[in-house]
Amino acid sequence: VIKARLKETIAKKQRLMAKHKVDLCGKEILLQKKKLAGISKKGKANLTASEKQDVMNKMTALLIQLKHAESAMNAANKAFTTASKALQAALAKQRQGQTEKEKEKENRMNIWKIITVLSTNQYIINL
């Protein structure tokens, strides 16, 4: 159970990191789109042709990064789902084991009760 819980926690962290990376790529792409549209702080178009080409190249690279980040996020989601299911199975198995141990303990108690009753009856008969 501890191992399953650890795997689930790691998968959860990886999932959060992948989502964060997707978010960062998305924000950077939006920033580059604004830059490409020529929106500066003063609202003037201030990019030369070479600067526009640089922005286009950067956006292409960002789109590729975004695609990879989304793939990583999907993989992390699958890993998290698998780890969560494994944890649930381990917890169920642990609960079942505890139930069996409780039944075994109850059976031992019942056996001791029977032995006590039988020995008490034998003592009474011997009187």
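For the structure, see preceding data.
Keep in mind that what you see is a predicted model, and the values were worked out from it rather than measured.

Conventions and cut-offs
Residues numbered from 1 in each chain as written. Predicted model: local features only at pLDDT ≥ 70, side-chain atom pairs only at ≥ 80, totals over all residues. Heavy atoms only, no water. Helix = DSSP H or I, 4+ residues; strand = E, 2+ residues; numbered from the N terminus. Buried < 20%, exposed > 50% of the residue type's maximum accessible area, 1.4 Å probe, protein only. Contact = heavy atoms within 4.5 Å. Areas by Shrake-Rupley, 256 points an atom, 1.4 Å probe, with all protein chains shown as cover. Lys, Arg positive; Asp, Glu negative; His and termini not counted. Charge placed at Lys NZ, Arg CZ, Asp CG, Glu CD. Salt bridge = Lys/Arg side-chain N within 4 Å of Asp/Glu carboxyl O. Core = buried A, V, L, I, M, F, W, Y, C linked by side-chain atoms within 4.5 Å.

**Digging into the overall build of the protein chain**
Item 1. Along the protein chain, the regular secondary structure elements total two helices and zero strands.
Item 2. Counting across all 127 residues of the protein chain, residues that qualify as buried make up 17%.
Item 3. Across the protein chain, every contact between residues at least 6 apart in sequence was considered, and the portion connecting residues at least 24 apart equals 80%.
Item 4. Total accessible area on the protein chain is roughly 10500 Å²; 60% of this is exposed by carbon and sulfur atoms.
Item 5. The averaged location of the 10 negative side-chain charges in the protein chain is 4 Å from the averaged location of its 27 positive side-chain charges.

**Quick notes on the pattern of salt bridges**
Where charged atoms from two side chains of opposite charge come close, those side chains can pair.
Item 1. Under the criterion given, the structure shown has two salt bridges.
Item 2. Between Asp23 and Lys19 there is a salt bridge; the shortest N-O distance is 3.4 Å. In this pair, Asp23 and Lys19 are both assigned in helix H1 (residues 2–36), four residues apart and thus about one turn of the helix distant.
Item 3. Owing to a relative accessible area of 35%, Asp23 belongs among the partly exposed residues under this scheme.
Item 4. Residues Glu28 and Lys58 are paired through a salt bridge, measuring 3.7 Å at the closest nitrogen-oxygen approach. Residue Glu28 is found in helix H1, and its partner Lys58 is found in helix H2 (residues 49–126); the two are separated by 30 residues along the sequence.
Item 5. Here Lys58 falls in the partly exposed class, since its relative accessible area comes to 42%.

**Examining the nonpolar core**
Item 1. Within the largest apolar cluster, eleven residues are counted, these being Ala18, Val22, Cys25, Ile29, Val55, Met59, Leu62, Leu66, Ala69, Met73 and Ala76.
Item 2. For this core, the elements supplying multiple residues, two or more each, are H1 and H2.
Item 3. A total of seven residues in this core trace back to one element, the largest contributor, which is H2.
Item 4. If we ignore the near neighbours within four places in the chain, the residues touching Ala69 are Ala18, Lys21 and Val22.

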